[in-house]
Amino acid sequence: MSKVGILDGRVTKLFFQISGGIGTAVSLIVIFFDIPSACKFYSAIALLIVFAICYLAIWIWSNNLRSIKLDVEGSTVLIKAGDLFQQEGLKVIAFNEYFDTQVDDVIISSKTLNGIFIKEHLDEPVDDLDRHIESYPFIDGEYLEENADRPQGKRKRYRLGTVCVYDDFLLAAFSKFDDNNRASLTMPQYLEFLINFWDRVNSVYALKSVSTPIFGSGITRIKGHKTISDEDLLKILLWTFRISEMRFKYPARLTIVIHKDKIDQINLLDFAYVKNGV
């Protein structure tokens, strides 16, 4: 099923812009070169075929967009399909509120970005990462409490949106854990995370570009919104960025990286034609 309808108004608008240029070029050619009467009919048919091919090409292109660049309140935002770990600058990895590092498919799944980061992209033992987090100078209010009753994993709990800078990664306290070690959030908590997150990024990004996934598009559950789509989550991500004080100064930019298997679920044309992407 196509993301963009064949009669979508944005497709027709772009087609008329392009066909207008083609029509102008044809008119100029006709002024200087006479078309034999016997060829006029076939020339008209050929022109119609060109227009039809042009329209279909625009429609196919609209459904296969892999990246778009937006200007959100003066900041350059690139939305693209790709591998988060291959991006330049700082890369955001979502952790839980305890900054757990135990990849055992119970606390952290090996298939998540969090698990892949710990298993495949650490240049040092996990214990060194644990010591880095333990000694990191978090700001007042980010550390919340010691959960002495937690049976597995770490016990220090941090506020949602807390960020720990580690080499060229930003480790973010994103998800809350229930008693069964299942990651979950309510929508108010999701918004709280994003607002706090942008505020912290604004303090630590040091004029570097930042790349982030669509938070909540993995196994983390948003209570009451089981059917929320990645496209809706992307809109929320952009909206909270727009209303925050976070602004990237050129040449730094924000890149939102979408997994290649999910890019076909998101209509990037919607974002390209709306002011600020939302």
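Structure: see above.
Residues numbered from 1 in each chain as written. Predicted model: local features only at pLDDT ≥ 70, side-chain atom pairs only at ≥ 80, totals over all residues. Heavy atoms only, no water.

Engineer: Explain the overall build of the protein to me, please; I cannot follow it from the model alone.
Structural biologist: Check the secondary structure of the protein and you find 7 helices and 11 strands. Against the 2.2 N^0.38 benchmark of 19 Å for 278 residues, the protein shows a C-alpha radius of gyration of 24 Å, more extended than a compact globule. With respect to the three principal axes, the spread of C-alpha positions in the protein is 90 × 35 × 35 Å. Across the 278 residues that make up the protein, the buried fraction comes to 43%. In the protein, 72% of the contacts between residues at least 6 apart in sequence involve partners at least 24 apart. (Helix = DSSP H or I, 4+ residues; strand = E, 2+ residues; numbered from the N terminus. Rg over C-alpha atoms; globule rule 2.2 N^0.38 Å. Buried < 20%, exposed > 50% of the residue type's maximum accessible area, 1.4 Å probe, protein only. Contact = heavy atoms within 4.5 Å.)

Engineer: What's the story with the environment of Ala81 in this structure? I'm lost.
Structural biologist: Its place among the elements puts Ala81 in strand S2 (residues 75-81). Residue classification places Ala81 among the buried positions, given a relative accessible area of 19%. In this structure, the C-alpha to C-alpha distance between Ala81 and Leu14, residues 67 residues apart in sequence, is 23 Å. Once residues lying within four places of it in the same chain are set aside, the contact partners of Ala81 are Arg66, Ile258, Lys260 and Ile263.

Engineer: Would you mind going over a nonpolar patch on the surface with me for this structure?
Structural biologist: On the surface, a cluster of nonpolar side chains totalling about 670 Å² of accessible area is made up of Phe41, Tyr42, Ile45, Leu48, Ile49 and Ile53. Secondary-structure assignment places Phe41 in helix H2 (residues 37-63). For Phe41, a relative accessible area of 55% corresponds to the exposed category. (Patch = residues over 30% accessible without salt bridge, like charges linked within 9 Å, V, L, I, M, F, W, Y side chains within 5 Å. Areas by Shrake-Rupley, 256 points an atom, 1.4 Å probe, with all protein chains shown as cover. Salt bridge = Lys/Arg side-chain N within 4 Å of Asp/Glu carboxyl O.)

Engineer: Can you walk me through the packing of helix H5 (residues 187-204) against helix H6 (residues 230-243) in this structure?
Structural biologist: Pairs of packed helices are described in terms of their axes, by the angle between the two and the distance that separates them. Interhelical geometry of H5 versus H6 gives an angle of 45 degrees and a closest axis separation of 9 Å. Relative to H6, the element H5 is oriented oblique. Handedness of the crossing formed by H5 with H6: right-handed. Each of Met187, Tyr190, Leu191, Leu194 and Trp198 in H5 lies in contact with H6, whose residues at this interface are Leu233, Ile236, Leu237, Trp239, Thr240 and Phe241. Broken down by class, the residue content of the contact of H5 with H6 amounts to 10 nonpolar, 1 polar and no charged. (Axes fitted to C-alpha atoms, helices over the stretch in contact; angles between N-to-C directions. Parallel < 35°, antiparallel > 145°, perpendicular 65-115°, else oblique. Left-handed = near helix turned anticlockwise from the far one by under 90°. Nonpolar A, V, L, I, M, F, W, Y, C, P; charged D, E, K, R; others polar.)

Engineer: What is the right way to look at the packing of aromatic side chains in this model?
Structural biologist: Each pair of aromatic rings is reported with the distance of its centres and the angle of its planes. Scanning the entire structure with this criterion turns up 23 aromatic pairs. Arranged with centres 5.0 Å apart and planes meeting at 65 degrees, the rings of Tyr136 and Phe138 form a pair that is edge-to-face. Both residues of the pair, Tyr136 and Phe138, belong to the buried class. Between Phe197 and Phe215, the ring centres sit 5.3 Å apart and the planes meet at 70 degrees, which makes this aromatic pair edge-to-face. Linking Phe197 in helix H5 with Phe215 in the loop between strand S9 (210-212) and strand S10 (221-223), this pair joins segments that are 18 residues apart in sequence. Of the two residues, Phe197 and Phe215, both sit in the buried class. Its end group placed over the ring of Phe241, Arg247 keeps NZ or CZ at 5.8 Å from the ring centre. (Phe/Tyr/Trp six-rings, centres within 6.5 Å; stacked < 30°, edge-to-face > 60°. Lys NZ or Arg CZ within 6 Å of the ring centre and 35° of its normal.)

Engineer: Before we go on, may I ask you to explain H5 in this structure?
Structural biologist: Spacing of three or four residues puts side chains on the same side of an α-helix, whose turn is 3.6 residues. Taking 1.5 Å of rise per residue, the 18 residues of H5 would be expected to cover 26 Å, and the 26 Å separating its terminal C-alpha atoms lies within 8% of that figure. Within H5, burial applies to Met187, Tyr190, Phe193, Leu194, Asn196, Phe197, Trp198, Arg200, Val201 and Val204. (Expected span 1.5 Å × (residues − 1).)

Engineer: How should unusual backbone geometry be read in this particular structure?
Structural biologist: Most of the time, phi is negative for any residue but glycine, and the peptide bond is trans. A cis amide bond links Tyr250 with the next residue in sequence, Pro251, at an omega value of 10 degrees. Within the secondary structure layout, Pro251 lies in the loop between H6 and strand S11 (254-258). Positive phi, close to 55 degrees, is recorded for Ala206, a residue that is not glycine. Following the sequence through the fold, Ala206 ends up in the loop between H5 and S9.

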